[in-house]
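Commentary on secondary and tertiary structure
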Amino acid sequence: MTIIRPPAVAGTFYPADADLLRSEIDGLIDAALHSGIAQQETTTPKAIIVPHAGLMFSGSLAALGFATVRALKDTIKRIVIIGPAHRMAFQGIALARADQFATPLGNMRCDLPALQKALALPHVQMLDEAHTLEHGLEIELPFIQRLFGEDADIGIVPLLVSRCSPRQVHEVIEKLWGGPETLIVISSD
């Protein structure tokens, strides 16, 4: 049985209608690609930091971040998404017991082997409740789907951070760093 984490903020942080969402994300990415900032990029980063407010507030800045990794479209197979928990406090880093995360654009497959690798760390736990209403990771998914392709075979590793040390976050990033097939997305306030 496939476990799908449904969208929690479709219709509030971003459009719930797939066509409207595509149009909005595509417009933001197109504007970012044609900005002077995106055109100045000479290297492709391994990790990006992007905001996670509603699209109307931070979409253009998030699009600038994602535009810097557009050259990796045919290389990326795993995207580790790390962000702060907003709805629930807990010790450590939380994973969701999900095989896929859904958006109006479709489902994104979770990289289950990578999740198991993270779960081997003592400060990483399964905690579905932390993910249930969380927006900080979900808001990045439509950008990933539009930039890399809605049908791209990319696995995501959604990690929520609550009460833990920078060293513990470093450990999980180091464990999942991978090679050129892995992109790290830090979802930030």
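Summarised in this report is the structure supplied together with it. All residue numbers here refer to positions counted from 1 along the written sequence of the relevant chain. Where totals are concerned, whole chains, interfaces and linings use all residues; where local detail is concerned, this predicted model gives features only for residues with pLDDT of at least 70, and gives and counts side-chain atom pairs only at 80 or more. Excluded from the side-chain calculation are hydrogens and water; included are all heavy atoms of the structure.

Per the convention used, a helix needs a DSSP run of H or I reaching at least four residues, while a strand needs a run of E reaching at least two, with both numbered from the N terminus. A tally of regular secondary structure across the chain gives seven helices and nine strands. For a compact globule the rule gives 2.2 Å times the number of residues to the power 0.38, and the radius of gyration it is set against comes from C-alpha atoms. For 189 residues, the compact-globule formula gives about 16 Å, and the C-alpha radius of gyration of the chain, at 15 Å, lands near that figure. Here the C-alpha coordinates of the chain stretch approximately 45 × 35 × 30 Å along the principal axes. The 189 residues of the chain split such that 49% are buried. Accessible surface for the chain amounts to roughly 8800 Å². Of this, 55% is attributable to carbon and sulfur atoms. Separation of charge centres in the chain, based on 15 positive and 21 negative side chains, amounts to 6 Å. Whether a residue is buried, partly exposed or exposed follows from its accessible area with a 1.4 Å probe, protein chains only, as a fraction of its type maximum: under 20%, in between, or over 50%, in that order. Values of accessible area rely on a 1.4 Å probe in the Shrake-Rupley scheme; residue burial ignores everything except the protein chains shown. Counted as positive: Lys and Arg. Counted as negative: Asp and Glu. His and the chain ends are not counted at all. By convention, the charge on Lys lies at NZ, on Arg at CZ, on Asp at CG and on Glu at CD.

Another point: the pattern of salt bridges. Only one rule defines a salt bridge in this text: a Lys or Arg side-chain nitrogen within 4 Å of an Asp or Glu carboxyl oxygen. The tally for this structure, following the rule as stated, stands at nine salt bridges. We note a salt bridge from arginine 78 to aspartate 111, for which the minimum N-O separation is 3.0 Å. With a gap of 33 residues between them, arginine 78 in strand β3 (residues 78-84) and aspartate 111 in the loop between β6 (106-109) and α4 (112-119) connect regions that are remote in the sequence. Judged on exposure class, the residue arginine 78 and its partner aspartate 111 are both buried. Through salt bridges that share partners, Asp19, Arg22, Asp26, Arg146 and Glu150 make up one connected network.

The next point concerns the packing of helix α3 (residues 55-67) against helix α6 (residues 141-148). Geometry is summarised by axes, namely lines fitted to C-alpha atoms with helices restricted to the contacting stretch, and by angles between N-to-C directions that run from 0 to 180 degrees. Two elements in contact, α3 and α6, have axes whose closest approach is 11 Å; the angle formed by their N-to-C orientations is 45 degrees. Of the possible angle classes, the one that applies to α3 and α6 is oblique. Judged by the sense of rotation from one axis to the other, the crossing of α3 with α6 is right-handed. Mapping the contact onto sequence places Leu55, Gly59, Ala62, Ala63 and Phe66 in α3 and Phe143, Ile144 and Leu147 in α6. Class assignment for the residues of the contact of α3 with α6 results in seven nonpolar, one polar and no charged. In what follows, roughly perpendicular refers to angles from 65 to 115 degrees, roughly parallel to angles under 35, roughly antiparallel to angles over 145, and oblique to any angle outside these ranges. Less than a right angle of anticlockwise turn of the near helix away from the far helix marks a crossing as left-handed, whereas a clockwise turn marks it as right-handed. What makes two residues a contact is simply this: any of their non-hydrogen atoms within 4.5 Å. Any residue outside Ala, Val, Leu, Ile, Met, Phe, Trp, Tyr, Cys, Pro, Asp, Glu, Lys and Arg is labelled polar, Gly included; the first ten of those are nonpolar and the last four are charged.

A few words now on the sheet that holds strand β4 (residues 93-95). The strands making up a sheet associate through hydrogen bonds between their backbones, and the pairing can be parallel or antiparallel. Strands were regarded as paired on the criterion that DSSP finds at least two bridges between them. Spatial strand order, β2-β9-β3-β8-β4-β7: six strands in an open sheet with mixed pairing. Of all strands in the sheet, those bounded by a partner on one side alone are β2 (47-51) and β7 (124-126). Pairwise comparison of adjacent strand axes, ignoring direction, gives a mean angle of 25 degrees for this sheet. Of the strand pairs in this sheet, β4 and β7 are connected by three bridges, and their pairing is parallel.

Within strand β8 (residues 155-161), seven of the seven residues are buried, which leaves the element mostly enclosed by the surrounding structure. The side-chain alternation of β8 yields two buried faces, one formed by Gly155, Val157, Leu159 and Val161 and the other by Ile156, Pro158 and Leu160. When β3 meets β8, the two strands line up parallel, connected through seven bridges. Across the sheet, the residue bridging to glycine 83 is leucine 160, located in β8. Pairing analysis gives two bridges linking β4 to β8, with the strands arranged antiparallel. Pairing of isoleucine 93 across the sheet is with valine 161, part of β8.

Now for the side chain of histidine 123. Considering the arrangement of structural elements, one finds histidine 123 in the loop between α4 and β7. Any pair of nitrogen or oxygen atoms within 3.5 Å is treated as a polar contact; in protein, a donor-acceptor pairing is required on top of that, and neighbouring residues in sequence qualify only through side-chain atoms on both sides. A polar contact is formed between the side chain of histidine 123 and the backbone oxygen of glutamine 168, at a distance of 3.0 Å. When residues no more than four places from it in sequence are discounted, the contact partners of histidine 123 are Gly92, Ile93, Gln168 and Glu171.

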